[in-house]
Amino acid sequence: MTVTPKRAIGNRGESQARQLLEAKGMRWIASNWHCAAGELDLVMIDGDELVIVEVKTRTGEGSGRAEESIGRAKSARLLAAAEWFVSEHPSYESLIWRIDLLALTLRRDGSVARISHIVNAVVSG
């Protein structure tokens, strides 16, 4: 399968996001986990919490900041996919879980210009 330029930027962002979160002490569980409800970019452990991380990567802010890109429908899909992940991985069902947003803006050379990590960015209700 051919990787589109947009997917290549997304892959680069997800890789950098994982490295950043691991540097903060989080432990990686899964990447690009799929179910009928959608996809989870990263699944990590932060202390005693399961963290679903939605990674948004932009190469500029001409079409808006990455932090602004999660709407109501995307939030609902993330919540459903997170519940699905926990139901398929019973070893994590006793953990509290949350959904974070890690937004990256990249320069033309691929280096990170800006990072924003929003803890508990998506909540139900």
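Residues numbered from 1 in each chain as written. Predicted model: local features only at pLDDT ≥ 70, side-chain atom pairs only at ≥ 80, totals over all residues. Heavy atoms only, no water.

K.L.:
Is there a simple way to think about the packing of aromatic side chains in this case?
P.N.:
Aromatic ring pairs are defined here through the distance separating the ring centres and the angle between the ring planes. The tally for this structure, following the rule as stated, stands at two aromatic pairs. The interplanar angle of 85° and the centroid separation of 5.0 Å between the aromatic rings of tryptophan 33 and phenylalanine 85 together place this pair among those described as edge-to-face. Of this pair, tryptophan 33 sits in strand β1 (residues 27–35) while phenylalanine 85 sits in helix α2 (residues 72–88), placing them 52 residues apart in sequence. Neither tryptophan 33 nor phenylalanine 85 differs from the other in exposure class; each is buried. Consider the rings of phenylalanine 85 and tyrosine 92, whose centres lie 6.1 Å apart with planes at 20°: the pair is stacked. Residues phenylalanine 85 and tyrosine 92 agree in their burial class; the two are buried. Through a chain of ring-to-ring contacts, the aromatic side chains of Trp33, Phe85 and Tyr92 assemble into a single cluster. Directly above the ring of tryptophan 28 sits arginine 18, whose terminal nitrogen or CZ lies 4.0 Å from the centroid. (Phe/Tyr/Trp six-rings, centres within 6.5 Å; stacked < 30°, edge-to-face > 60°. Helix = DSSP H or I, 4+ residues; strand = E, 2+ residues; numbered from the N terminus. Buried < 20%, exposed > 50% of the residue type's maximum accessible area, 1.4 Å probe, protein only. Lys NZ or Arg CZ within 6 Å of the ring centre and 35° of its normal.)

K.L.:
Looking at this model, I keep getting lost on the side chain of aspartate 100. Mind explaining?
P.N.:
Topologically, aspartate 100 is positioned in strand β4 (residues 96–106). Here aspartate 100 falls in the buried class, since its relative accessible area comes to 0%. Separated by 2.8 Å, the side chains of aspartate 100 and histidine 117 make a polar contact. Polar contacts involving the side chain of aspartate 100 include one to the main-chain amide nitrogen of asparagine 120, which spans 2.8 Å. Those residues in contact with aspartate 100 that sit more than four places away from it in its chain are Met26, Val51, Ile52, Val53, Glu54, His117, Ile118, Val119, Asn120 and Ala121. (Polar contact = N/O pair within 3.5 Å; in protein donor to acceptor, adjacent residues only side chain to side chain. Contact = heavy atoms within 4.5 Å.)

K.L.:
What is the right way to read α2 from this model?
P.N.:
Turn by turn, an α-helix covers 3.6 residues, leaving residues three or four places apart pointing in a common direction. Helix length check: α2, at 17 residues, gives a terminal C-alpha distance of 24 Å against a target of 24 Å (1.5 Å per residue), a fit within 8%. Taken residue by residue, α2 has Ser75, Leu78, Leu79, Ala81, Ala82, Phe85 and Val86 as its buried positions. Looking at the buried side of α2, the elements it contacts are β1, β2 (38–46), β3 (49–58), β4 and β5 (112–122). (Expected span 1.5 Å × (residues − 1).)

K.L.:
Is there a simple way to explain the environment of glycine 38 in this structure?
P.N.:
Positionally, glycine 38 belongs in strand β2. In sequence terms glycine 38 and glycine 25 are 13 residues apart; their C-alpha atoms lie 27 Å from each other. Ignoring anything within four residues of it in the chain, the contact list for glycine 38 reads Trp33 and Ala81.

K.L.:
Where do I start with the pairing of β1 in this structure?
P.N.:
Moving residue by residue along a regular strand, the side chains alternate between the two faces of the sheet. Here seven bridges tie β1 to β2, and the two strands are oriented antiparallel to one another. Bridge pairing in β2 places arginine 27 opposite isoleucine 45. Hairpin connection from β1 to β2: two residues lie between these consecutive antiparallel strands. (Pairing = 2+ DSSP bridges.)

K.L.:
What is the right way to read helix α1 (residues 5–23) from this model?
P.N.:
Its 19 residues give α1 an end-to-end C-alpha distance of 27 Å, which sits within 8% of 27 Å, the value for a rise of 1.5 Å per residue. Of all the positions in α1, only Gly10, Gly13, Glu14, Gln16, Ala17 and Leu21 are classed as buried. The first or second residue beyond α1 is glycine 25, which carries a positive phi of 100°.

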